[in-house]
Amino acid sequence: MKKLVYDLLPPGVCSLLNPAAIYANNEISLGDVEIYGFDYDYTLAQYSNLLHSMIFNTARDILIEQFKYPEGLGKYDYIPGFAIRGLHYDVQKSLLMKIDAFHYVQLGTAYRGLKPVPDEEVIELYGGTQHIPLYQMSDFYGKGPSLKQFMDIFSLPEMTLLSSVIDYFITHGIEFDQVHLYKDISDAIRDVHVKGVMYKWIEKDMEQYILHGDEIYAVLNRLVNHKKKLFLITNSPFSFVDKGMKHMVGKNWRDLFDMVIVQADKPNFFTDRRKPFRKLDDNGSLQWDKINQLEKGKIYKEGNLFDFLRLTGWRGSKVLYFGDHLYSDLADLMLRHGWRTGAIVPELETEIRIINTEQYMHSLTWQQALTGLLERMQMYQDAESKQVLLEWMKERQEIRSLTKNLFNPQFGSIFRTFHNPTYFSRRLVRFSDIYMASISCLLNYDVNFTFYPRRTPLQHEAPLWMDQLCTGCMKTPFLEEMVHIR
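Residues numbered from 1 in each chain as written. Predicted model: local features only at pLDDT ≥ 70, side-chain atom pairs only at ≥ 80, totals over all residues. Heavy atoms only, no water.

**Brief notes about the overall build of the protein chain**
Scanning the protein chain from terminus to terminus reveals 19 helices and 18 strands. Taking 2.2 N^0.38 as the reference for a compact globule, 486 residues should give roughly 23 Å; the C-alpha atoms of the protein chain span a radius of gyration of 25 Å, in line with that estimate. Counting only C-alpha atoms and orienting by the principal axes, one finds that the protein chain spans roughly 85 × 60 × 40 Å. Residues counted as buried form 52% of the 486 residues belonging to the protein chain. Contacts spanning at least 24 positions in sequence make up 75% of the contacts within the protein chain whose residues lie at least 6 apart. Of the roughly 23,500 Å² of accessible surface on the protein chain, 51% is carried by carbon and sulfur atoms. (Helix = DSSP H or I, 4+ residues; strand = E, 2+ residues; numbered from the N terminus. Rg over C-alpha atoms; globule rule 2.2 N^0.38 Å. Buried < 20%, exposed > 50% of the residue type's maximum accessible area, 1.4 Å probe, protein only. Contact = heavy atoms within 4.5 Å. Areas by Shrake-Rupley, 256 points an atom, 1.4 Å probe, with all protein chains shown as cover.)

Structure representation (structure tokens):
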């Protein structure tokens, strides 16, 4: 069987996926899109990983200096690659973990501090099951009564800091209140953003922090040349966005946009009708006049989507909005307002490069075949067969761990648990028509290109997976009997 599986993999099969491609969850024709909207942070502006270390270090120092946490925390540094996006944190149990689309914790991916929690303990903590009930999981925006989902790329340093502080307290036998600790760390991270510290670092060294600048100019310029309207809705302040866009696009960047809205307070911008728009002058100072129209070339602060729709008339599927946060940027726009949405998932590039490796492709294919064998041969229950089945199950588990570790030793891929989609993937499919690693991927497609999602087979549609293909070739003796089972 193993030889058969390897022989079935043709040469070159390991470079099938393009990291710069756009992937479709829903059919969408760019020819129908007249208006393109963008978030700023991690959408137009992609940042280098150096930023995560700076956020971690500054928030850690705020905890020590302002919140009077132990000075020993200063010995902890940011651990690149410790956490992944989409994880859940159980505040009461101090558990950081990966949960799949069916609300099950993926065993082997639950951490308290920087150390894994044994599978048996996780199951015991949740009343003898890996399942997290819906009422605990989250509300619409990933914030449940006791579980918080980290969906923001900026949350990677927050998860690492949370784990580091818990590790210090546990290691030194210090008792702590889980709720207070979580709030303190959230507040420290928030201060890095709200007090503008992060903005100053980026403004001081744009070359070091901002990626893909030239490509962003090319994307925006191309859209304008094809008579598309562009707008920007961001939570960041104008001075920061202005400096970043001048760096990437040039001093006349505002000429490309029909509308620029800063400090929008998303996701409230999409749901709350109360905040009116305010105009800023060219220096970023607030004006006092009532806004009865949104003018090209002007900068607006706050506001709400309902006034935006009324003043622009930009409705429905002729609008395509891009953002990196599935909840704050995309969910309301797709479900409440019928806009088309594009998710920016920078992790996609690295994950596809891993999927394209020979090690991953061979491991996954053999795992599929082995799973098919296990399913079909479990009817044999004599002692010798049972022993063989146990060995196969052990080998299958080893392969699953190996493929998980290729992505991230602690938590694996952001898109999959061992076999199910993650909770993050479920939301990605629900809230985005298309997804890609960066806005620059648009340069690979014509402005009238139609994206067609692949018809992924449902379980009852008898897909020719490798396990069925292989075990079919082996002519397993009981297949004819199984045909008659109702």
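**Observations concerning the UniProt feature "binding site: Mg(2+)" (unreviewed entry) in the protein chain**
Listed under "binding site: Mg(2+)" (unreviewed entry) in the UniProt record, and renumbered for this structure, are Asp39 and Asp324. Their sequence span is 286 residues, while the largest C-alpha to C-alpha distance among them is just 7.7 Å; these annotated residues converge on one region. Relative to the helices and strands, Asp39 resides in the loop between β3 (35-38) and β4 (46-47). Side chain to side chain, Asp39 and Lys266 meet in a polar contact 2.8 Å long. Residue position: Asp324 is located in the loop between β15 (319-323) and α13 (326-337). The class for Asp324 is buried, based on a relative accessible area of 5%. (UniProt positions renumbered as here; feature names shortened; annotations may be inferred. Polar contact = N/O pair within 3.5 Å; in protein donor to acceptor, adjacent residues only side chain to side chain.)

**A closer look at the sheet that holds strand β9 (residues 147-149)**
The strand order β8-β7-β6-β5-β9 describes an open sheet built from five strands, whose pairing is antiparallel. Each edge of the open sheet is held by one strand with a lone partner, namely β8 (115-116) and β9. (Pairing = 2+ DSSP bridges.)

**Brief notes about the UniProt feature "binding site: GMP" (unreviewed entry) in the protein chain**
Under the feature "binding site: GMP" (unreviewed entry), the UniProt entry names Asp41. Here Asp41 is to be found in the loop between β3 and β4. You can call Asp41 buried: its relative accessible area is 11%. Not counting the four nearest positions on each side in its chain, Asp41 is found in contact with Tyr47, Phe154, Thr234, Ser236, Phe240 and Asp324.

**Section: the side chain of Thr341**
Note on placement: Thr341 falls in strand β16 (residues 340-344). Judged by its relative accessible area of 0%, Thr341 falls in the buried class. One polar contact links the side chain of Thr341 to the main-chain carbonyl oxygen of Phe431, over a distance of 2.7 Å. Setting aside residues up to four positions removed in sequence, Thr341 forms contacts with Leu320, Tyr321, Leu330, Leu333, Met334, Phe431, Ser432, Asp433 and Ile434.

**Considerations on the packing of aromatic side chains**
Note on aromatic pairs: each is described by the distance of the centres and the angle between the planes. Under the definition given, this model contains 35 aromatic pairs. Between Phe231 and Tyr321 the ring centres are 6.0 Å apart and the planes differ by 20 degrees, which places this aromatic pair in the stacked class. Residue Phe231 is located in strand β11 (residues 229-233), and its partner Tyr321 is located in strand β15; the two are separated by 90 residues in the primary sequence. Relative accessible area serves as the criterion here: at 0%, Tyr321 is assigned to the buried category. Taken together, the ring pairs connect Phe231, Phe269, Phe270, Phe277, Tyr300, Phe308, Trp314, Tyr321 and Trp339 into an aromatic cluster. Just above the ring of Phe306 sits the side chain of Arg273; from NZ or CZ to the centre is 3.9 Å. The ring of Trp288 is capped by Arg278, whose NZ or CZ atom sits 4.6 Å from the centre of that ring. (Phe/Tyr/Trp six-rings, centres within 6.5 Å; stacked < 30°, edge-to-face > 60°. Lys NZ or Arg CZ within 6 Å of the ring centre and 35° of its normal.)

**Notes on helix α5 (residues 155-171)**
Look at α5: 24 Å from first C-alpha to last across 17 residues, which is about the 24 Å you get at 1.5 Å a residue. The element α5 is extensively covered by neighbouring structure, given that 15 of its 17 residues are classed as buried. Within two residues after α5, Gly173 carries a phi angle of roughly 65 degrees, on the positive side. (Expected span 1.5 Å × (residues − 1).)

**As for the sheet that holds strand β17 (residues 434-436)**
The strand order β1-β17-β16-β15-β3-β11-β12-β14-β13 describes an open sheet built from nine strands, whose pairing is mixed. Of all strands in the sheet, those bounded by a partner on one side alone are β1 (23-24) and β13 (277-280). Taken together, the three bridges between strand β12 (residues 259-262) and strand β14 (residues 299-302) define a ladder with parallel strand orientation. Paired with Ile261 across the two strands is Tyr300, which belongs to β14.

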